[in-house]
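So the chains spell out like this:
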Amino acid sequence: MARFQTPLRYPGGKQRLAPFITEILEHNDAVGWGYAEPYAGGAGIAIELLLGGTVDHIYLNDSSRHIYAFWKAILTDTEAFCRRVSRASLTLDSWQKHREVVRHPGDHDILDLGFSTFFLNRCNRSGILTAGVIGGLNQVGRWRIDARFPRNELIKRIETIATKKRRITVTNLDAEAFMRDRVNKLPPSTLTYCDPPYYARAKRLYLNVYTPDDHVRLAKFIQSKLRRAWLVSYDSHAAISELYRKRRQFQYSIQYSAIQAYEGTECFIFSDSLKIPRDSALPYIAQALRQPA
Ligand SMILES: C[S@@+](CC[C@H](N)C(=O)[O-])C[C@H]1O[C@@H](n2cnc3c(N)ncnc32)[C@H](O)[C@@H]1O
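How each quantity is defined
- Residue positions are given per chain, counted from 1 along the sequence in the order it is written.
- Restriction of local features to residues with pLDDT of at least 70 applies here, the model being predicted, together with a cutoff of 80 or more for giving and counting side-chain atom pairs; totals for whole chains, interfaces and linings are based on all residues.
- Side-chain numbers come from the whole structure's heavy atoms, not from hydrogens or water.
- Within this document, salt bridges are pairs made up of a side-chain nitrogen of Lys or Arg and a carboxyl oxygen of Asp or Glu, the two lying within 4 Å of each other.
- Each helix corresponds to a stretch of at least 4 residues labelled H or I by DSSP, and each strand to a stretch of at least 2 residues labelled E; elements are numbered beginning at the N terminus.
- Each residue gets one of three labels from its accessible area relative to the maximum for its type: buried under 20%, exposed over 50%, partly exposed in between, using a 1.4 Å probe on protein chains only.
- Throughout the structure description, domain borders are defined by an automatic or database domain assignment.
- The contact criterion used is simple: two residues touch if any of their non-hydrogen atoms lie within 4.5 Å.
- Joining two parts hides part of their accessible area as seen by a 1.4 Å probe, and the buried area is that hidden amount summed over both.
- Only heavy atoms are used to decide nearness, and a residue is near a molecule or strand if one of them lies within 4 Å of it.
- In the analysis that follows, any N or O atom pair within 3.5 Å is treated as a polar contact, provided that within protein one partner can donate a hydrogen and the other can accept it, and provided that, for residues neighboring in sequence, both atoms belong to side chains.
- In these tables, accessible area is a Shrake-Rupley quantity obtained with a 1.4 Å probe, and a residue counts as shielded only by the protein chains included in the view.

**Structural notes on the pattern of salt bridges**
Stage number 1. Throughout the structure, instances matching the rule amount to 13 salt bridges.
Stage number 2. Linking Glu79 and Arg83 is a salt bridge whose minimum nitrogen-to-oxygen distance equals 3.9 Å. Of the two residues, Glu79 and Arg83 are both situated in helix H4 (residues 78-87); the distance of four residues between them amounts to about one turn of the helix.
Stage number 3. Residue classification places Glu79 among the exposed positions, given a relative accessible area of 64%.
Stage number 4. For Glu176, the salt bridge goes to Arg217, with nearest N and O atoms at 3.0 Å. Placement of the pair is Glu176 in helix H8 (residues 175-181) and Arg217 in helix H9 (residues 212-224), with a sequence separation of 41 residues.
Stage number 5. Several salt bridges share partner residues, and in doing so they unite Lys14, Asp195 and Glu266 into one network.

See the structure below:
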């Protein structure tokens, strides 16, 4: 089995935290619950939880039409999508064509936009849609445009996910609208995991970023209007700790690589209704849990 199962590359992708979310679900007798991600991106955790049988249904939302188109296309047009993966021409010419599609998302249907998004995600540096192609325009160096495009492995991941399509709901809403209009109407046995754009270092990573005011509004919304159990992760920042000061939170350190590897300190914040495990099989989480709050 592949180490990670999402087909998308995401800087700061959270799939390696799936074991910790599983521990939280187990600790709260919540295995088999529904699971919602308002900021799904590569949905690394959601996919691991669903394929591992830890949750029963996943609700993936992202306000980016690109990301939405990818998830929608692989679930509704699996065969055509996989055919494109198997036949994709990994050349600069086709990279330029896909970049034009990505630059004009409103002009293309879901399959075209979803596939072009996937193509750039696999062929650009760090999977960033606005970054350059791996190997540069001269295609020199050790890694070239095809370095992250293992066709058969990617097709396998997509087909495996598509076998669970009845247990996956995909939406293209603003996160707060999604939580207000969708999550709040789901059964109480639903966990929501929010992974919003970073507070401090979002700009170079994503197409859509949040201003400080957006983070303030989101914190108010989650703490006063979200009526299901939730957890939030963020890059560590005093402003975020302050916004969630009445909630339990802890910080942990993890190594990321986006263009350059760097050590990031992140934090987790929990809704009052959730019990936090005292230990974790993930060493960096276990260490963080042992530190006094
Ligand atoms: C930090 S990434 C999520 C990464 C994801 N947890 C993973 O492991 O791949 C944030 C995602 O939120 C999306 N996003 C940004 N602003 C949003 C908003 N207002 N509503 C919903 N999604 C948003 C971005 O398109 C991006 O895909």
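Alright, that's what it looks like, and here's the rest.
**Concerning the domain arrangement of the protein**
Stage number 1. One can read the domain layout of the protein as domain 1 (1-63 + 173-293) and domain 2 (65-166).
Stage number 2. Each of domain 1 and domain 2 was reduced to a C-alpha centroid, and the two centroids are 25 Å apart.
Stage number 3. Domain 1 puts 24 residues into the contact, and the matching count from domain 2 is 27 residues.
Stage number 4. Buried surface at the junction of domain 1 and domain 2, both sides included, amounts to about 2000 Å², of which 66% is carbon and sulfur.

**Here's the deal with the site of the ligand**
Stage number 1. In the vicinity of the ligand there are 22 residues, among which Tyr10, Lys14, Asp62, Ala175 and Asp195 approach most closely.
Stage number 2. With respect to the ligand, the backbone of Gly42 contributes an N or O atom lying 2.9 Å from an oxygen atom.
Stage number 3. At a separation of 2.7 Å, an oxygen atom of the ligand approaches a polar side-chain atom of Asp62.
Stage number 4. Relative to its free-state accessible area of 610 Å², the ligand is covered by the protein chains to the extent of 97%.

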